[in-house]
Amino acid sequence: MRIRTGGPEDIPDILSLLDGAVAWLAARGRTRQWGEHSFSGSATRVEHIGRYGSEPFLIRLAVDDGGRTVGCCVLSEERPAYATAVDGRELYIRNLVTDRGRKGSGIGAALIADALDEARRRGIGLLRVDCFGGDDRKLVGQYRALGFHETESFEVEQPAGPWPGQILAIRL
């Protein structure tokens, strides 16, 4: 596996990864994170993900030996509106998704290591990410296992009700 920079031409692969993750979560009854409907079937979600193909976003893709995209990490120095401001610069993981058929193979950890390298390259001392913080908080635990620590919780209003989120950080 190698990690490379992606662009607008990679948006279909990112949507495919997200669709696979939604299906995987839904099959396990975990629909509160991303719902039960595909990203590619929603014009709003397609438009949102399509924005990752331009500034201020950096797409980093994990690609297997056959050239297939198996993971994606989208980075930005701009935080999402719901995240509290911090003193100084930060690199924010705006999206992280991996091929669920390869769960446990280290793709997510490799993308996080790459994000840390990118922060260091830019001279930034803080990497933050947010994730679904509801249900059993299993996803929060996965980020803790990768070296992040919890900072603050938040909620975003969604049509199905409040979506609980958790922001986590690594100081470099």
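Conventions and cut-offs
Residues numbered from 1 in each chain as written. Predicted model: local features only at pLDDT ≥ 70, side-chain atom pairs only at ≥ 80, totals over all residues. Heavy atoms only, no water. Helix = DSSP H or I, 4+ residues; strand = E, 2+ residues; numbered from the N terminus. Rg over C-alpha atoms; globule rule 2.2 N^0.38 Å. Buried < 20%, exposed > 50% of the residue type's maximum accessible area, 1.4 Å probe, protein only. Core = buried A, V, L, I, M, F, W, Y, C linked by side-chain atoms within 4.5 Å. Salt bridge = Lys/Arg side-chain N within 4 Å of Asp/Glu carboxyl O. Axes fitted to C-alpha atoms, helices over the stretch in contact; angles between N-to-C directions. Parallel < 35°, antiparallel > 145°, perpendicular 65-115°, else oblique. Left-handed = near helix turned anticlockwise from the far one by under 90°. Contact = heavy atoms within 4.5 Å.

A. A look at the overall build of the chain. If you tally the helices and strands in the chain, you get 4 helices and 7 strands. Reading the chain from its N terminus to its C terminus gives the helix and strand order β-α-α-β-β-β-α-β-α-β-β. Taking 2.2 N^0.38 as the reference for a compact globule, 172 residues should give roughly 16 Å; the C-alpha atoms of the chain span a radius of gyration of 15 Å, in line with that estimate. Across its three principal directions, the C-alpha atoms of the chain cover 40 × 40 × 30 Å. Counting across all 172 residues of the chain, residues that qualify as buried make up 44%.

B. Molecular detail of the nonpolar core. Formed by 23 residues in total, the largest nonpolar core has its most connected members in Ile93, Tyr143 and Phe148. Looking at this core, the elements with two or more residues in it are strand S2 (57–63), strand S3 (69–76), strand S4 (91–98), helix H3 (107–122), strand S5 (126–132), helix H4 (138–145) and strand S7 (161–171).

C. Inspection of the pattern of salt bridges at higher detail. A full pass over the atoms with the stated rule returns 17 salt bridges. For Asp64, the salt bridge is made with Arg102, and the minimal N-O distance between the two is 2.8 Å. In this pair, Asp64 sits in the loop between S2 and S3 while Arg102 sits in the loop between S4 and H3, placing the two residues 38 residues apart along the sequence. Put simply, Glu77 and Arg122 hold a salt bridge, and the shortest N to O gap is 2.9 Å. Placement of the pair is Glu77 in the loop between S3 and S4 and Arg122 in helix H3, with a sequence separation of 45 residues. Under the relative-accessibility criterion, Arg122 is labelled partly exposed at 23%. Three or more residues joined by partner-sharing salt bridges are found here, namely Glu77, Arg89, Glu118, Arg121 and Arg122.

D. Molecular detail of the packing of helix H1 (residues 11–27) against helix H2 (residues 43–50). Axis separation between H1 and H2 bottoms out at 10 Å; the angle between their running directions is 125 degrees. Between H1 and H2, the angle falls in the class oblique. Here H1 runs over H2; the crossing is right-handed. Side by side, H1 and H2 meet where Ile11, Ile14, Leu15 and Leu18 of the first sit next to Val46, Ile49 and Gly50 of the second.

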